[in-house]
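Commentary on secondary and tertiary structure
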Amino acid sequence: MEKFTLYRFDGRNGNRKVFALDAGKLMERMKTENRYHDVTKWRACVSHAHPERGEKPQYRYLERLHMVVPALHLARSGDGTVWQTKHYNGIVLLSAGPFGLEKLERVKKIAAMIPQTMAAFMGAGGDTLKILVPFVRPDGTLPQTEEEYRLFHAHAFRKALLRYHPLLRCTLQPSSGSPFAAFRMSYDEDFFFNPRAVPIVMEQPVEPCGTLDLPAEWEKPPVASSKDCLGELPQKIPKMVQNVLKLGDFLLQRYVFRFNTLLNVTEFQPRGAGNGYFAAFDRNARNSIALDALEEGLEILDRDVDRFLCSDRIPHYNPVEEYLSHTGTWDGTDRIRPLAARVPTVQQGWPDFFYRWFLSMVAHWKGLDRQHGNSATPLLIGAQGTRKSTFCRSILPPELRFGYTESLDMGNKREAELALSRFLLINLDEFDQIGLRQQPFLKNLLQKPYANLRRPYARSVEEMRRYASFIATSNHDDLLSDSSGARRYICVRVSGTIDVDTPIDYLQLYAQAQAALRDGERWWFDAQEEAALTLQNREFERVSPMEQTFLQAFGVPSMQDEGEWYTSEQLLHVLHRDWHLPLSDTNRVGLGRIMKKLSVPSVRTKLGMRYRVVRVAHPAE
């Protein structure tokens, strides 16, 4: 749990008292207030003071309240002269208001619906709302040096301000975005606190963000709800508009909404359901909600519901980021390699190869590598009934299993590319059924870092982030037709039934992967590992008819001075004359690939490549 810094000026000796307190304990303190009731007295002074009469609040109550710095854990240096930063928490402080008590509670409820909100509570003055929002870098870490965390915090504050303003629909007070920003110790019996809030992920900035240019509409207080609007301008707003404004309050009181950025759909559940299940907002849900609104006397249309739910007033939610942020601390026990060991095989290195692939899958979910896709693909080869597909499905936890599929239409290139951003794990079931003509597209799909596509009904092409990793299964051995791409596959021969009945501790499984990534462990295959995979996959390569014909006529020399030199054209003519191989451009290109695959000695001349081969047999023989 993060530790916040609390300090207060001591008027007796002129020093500042500084100490740190856990965020959870601090929130609990706000429930009961201190024994002097300084917060209540200060709020009473503020509400009863009349500045026009020269009356001023009694600031002695305010001075007794500690200042709280949520972004930093500070401590005095050894000689007590300066403050030192022990830890940067990455928590941004937002302040909304001022406004009345009823509106403050309404805005607090909206802030509590946002998954990124760590805390929301009433300020010391009673007319503002304080909101705490956590931030992290893509690898889950936070900057440590003062220069880095000052720059990070300034950008994080700007991002939080621009994200929360349209969601809360109220005035947010801009500030400098300093990590030393603080609030007065407050009192709020109905505060909101979520220690497992989903942090906002942000890259470490390299340049200052400059002046914060606020939108023009921030200069005037926006309308928070239909009640505020009707209270101020009842005679100027038509009834139809009043109903639309009331619809927002009605929806937020009845339902909890979120926009799933992975599935690109709005999800909802009835408020107070408590089961954690969110359904997709479809046509039936829209009609049901519209009927409920009509029963409440709101004269609205279906498109009014769509207008609200397809807007930035709905908080964004990423199920992958939320799950990974709640896995907890790894206990140090390896669980990834034992998961791979459930696949019975005699091949060496399979657990280590699976471990590297698993780290790459999680790294790409976390967005640690946006320049490359996870092109490595485990390929489970075994008889039917060995539970290969069940094992593939069990890699994902139940909470993320919506992102698993075994149905990838390689004939529909657009849908196949769209699957890169829609799914987390794609199983190429019956891998041997993928034809030769589809192999080049599959090769491109495996290494593609993102998809440039136009969504349905959209007008522009957008770059869609890739989440998907691949795994494959097959019942046959002769699978790989492209020897140059064999390094992309982790072929493993399944020698028995895979254990899919033993429970998997998914939280610790994925906590281990994140711990390894935070420690800087490599998630990609190096050249040595790729060479080992290429060599290991030789037994699973498919021998083409042309290669069979060549090996019937020629052999690779075993000694340095053995064999004769042929150009590729001469070899092709021999195969055409003696074995009736067609003289086509396809065979000319294919012959060169076969020479490279078989490591035939070669030399480049003015006439092209020449190869040293041994003549084995003639057709007559």
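Definitions and limits used
For every chain, the first residue of the written sequence is number 1, and numbering continues from 1 along that sequence. Reporting in this predicted model follows two pLDDT cut-offs: at least 70 for local features of residues, and 80 or more for side-chain atom pairs to be given and counted; totals over whole chains, interfaces and linings ignore these cut-offs and use all residues. Here the side-chain values reflect all heavy atoms present in the structure, with hydrogen atoms and water set aside. We call two strands paired when DSSP finds no fewer than two bridges between them. In this description a helix means any DSSP run of H or I spanning at least four residues, a strand means any run of E spanning at least two, and both kinds are numbered starting from the N terminus. When accessible area is computed with a 1.4 Å probe and restricted to protein chains, residues below 20% of their type maximum are described as buried, those above 50% as exposed, and intermediate ones as partly exposed. Two residues form a contact once any of their heavy atoms are found within 4.5 Å. Between the N-to-C directions of two axes lies an angle of 0 to 180 degrees, each axis being a line fitted to C-alpha atoms and, for a helix, fitted only over the stretch in contact. Two helices that cross are described as forming a left-handed crossing if the nearer one is turned anticlockwise from the farther one by less than a right angle, and a right-handed crossing if clockwise. Each residue gets one label: Ala, Val, Leu, Ile, Met, Phe, Trp, Tyr, Cys and Pro are nonpolar, Asp, Glu, Lys and Arg are charged, and the others, such as Gly, are polar. Between Lys or Arg on one side and Asp or Glu on the other, a salt bridge is scored when a side-chain nitrogen of the former is within 4 Å of a carboxyl oxygen of the latter. Aromatic contacts are taken between Phe, Tyr and Trp rings whose centres are within 6.5 Å, Trp giving its six-membered ring; a plane angle under 30 degrees counts as stacked, one over 60 as edge-to-face, and the others as tilted. Placement of a charge over a ring requires the Lys NZ or Arg CZ to be within 6 Å of the ring centre, with the centre-to-atom vector within 35 degrees of the ring normal. Per-residue confidence from the predictor is reported as pLDDT, which spans 0 to 100. What sets the label is the angle itself: under 35 degrees gives roughly parallel, over 145 gives roughly antiparallel, 65 to 115 gives roughly perpendicular, and the rest give oblique.

Okay, the sheet that holds strand β16 (residues 377-381) next. In spatial order, the strands read β17-β18-β21-β16-β22; together these 5 strands make up an open sheet with parallel pairing. Whereas interior strands pair on both sides, the edge strands pair on one side only; in this sheet they are β17 (404-405) and β22 (489-493). As paired strands, β16 and β22 are joined by 5 bridges and run parallel to one another. Paired with Leu 379 across the two strands is Cys 491, which belongs to β22.

One can find Val 492 in strand β22. Given a relative accessible area of 0%, Val 492 falls into the buried group. Along the primary structure Val 492 and Gln 347 are separated by 145 residues, whereas in three dimensions their C-alpha atoms are 6.7 Å apart. Setting aside chain neighbours within four positions, we find Val 492 in contact with Thr 345, Gln 347, Trp 350, Leu 379, Leu 380 and Ile 381.

The N-to-C vectors of helix α18 (residues 545-553) and helix α20 (residues 585-597) enclose an angle of 65°; their axes lie 10 Å apart at closest approach. For the crossing formed where α18 meets α20, the hand is right-handed. Residue-level inspection shows Met 546, Glu 547 and Phe 550 of α18 in contact with α20, the latter providing Asn 587, Gly 590, Leu 591, Ile 594, Met 595 and Lys 597. Tallied by class, the residues present in the contact of α18 with α20 amount to 5 nonpolar, 2 polar and 2 charged.

Taking strand neighbours across the sheet as the criterion, the 4 strands line up as β14-β13-β12-β15 in an open arrangement whose pairing is mixed. Whereas interior strands pair on both sides, the edge strands pair on one side only; in this sheet they are β14 (279-280) and β15 (316-317). Alignment of strand β12 (residues 255-260) against β15, held across 2 bridges, turns out to be parallel. By the bridge assignment, Phe 259 is partnered in β15 with His 316.

So, on to the pattern of salt bridges. Taken as a whole, this structure holds 16 salt bridges when the rule is applied. Between Glu 267 and Arg 258 there is a salt bridge, with the nearest N and O atoms lying 2.8 Å from each other. For Arg 522, the salt bridge identified is with Glu 529, shortest N-O distance 2.9 Å. Look at Glu 529 and you get buried, because its relative accessible area is 16%. Each of Arg 356, Arg 522, Asp 526 and Glu 529 takes part in a single network of salt bridges with overlapping partners.

Our focus in this paragraph is the packing of aromatic side chains. A complete count under the given rule lists 18 aromatic pairs for this structure. Note on Phe 354 and Trp 357: the rings are 5.4 Å apart at their centroids and 45° apart in plane angle, and the pair reads as tilted. With Phe 354 and Trp 357 both in helix α12 (residues 350-365) and 3 residues apart, this pair spans about one turn of that helix. The pair Phe 354 / Trp 357 is uniform in exposure class, with both members buried. Ring pairs connect the aromatic residues Tyr 323, Trp 350, Phe 354, Trp 357, Phe 358, Trp 365, Phe 391 and Tyr 510, which therefore count as one cluster. Against the face of Phe 423 rests Arg 422, its NZ or CZ located 4.5 Å from the ring centre.

What follows deals with the confidence of the model for the protein chain. The predicted model of the protein chain averages 79 in pLDDT, with 82% of residues at 70 or higher. Mean pLDDT across the elements of the protein chain ranges from a minimum in helix α6 (residues 226-232), with 38, to a maximum in helix α11 (residues 336-340), with 95. This stretch, residues 48-58, has a pLDDT under 50; its non-local contacts, to residues over four places away or in other chains, come to 9 contacts. A low-confidence stretch, residues 211-235 stays under pLDDT 50, and its non-local contacts, those more than four residues away or across chains, total 38 contacts.

A separate point is the packing of helix α19 (residues 568-579) against α20. Between α19 and α20, whose axes approach to 10 Å, the crossing angle comes to 110°. Relative to α20, α19 is oriented roughly perpendicular. Contacts between α19 and α20 pair Ser 568, Glu 569, Leu 571, Leu 572 and Leu 575 from the former with Asn 587, Arg 588, Leu 591 and Met 595 from the latter. Classifying every residue of the contact of α19 with α20 gives 5 nonpolar, 2 polar and 2 charged.

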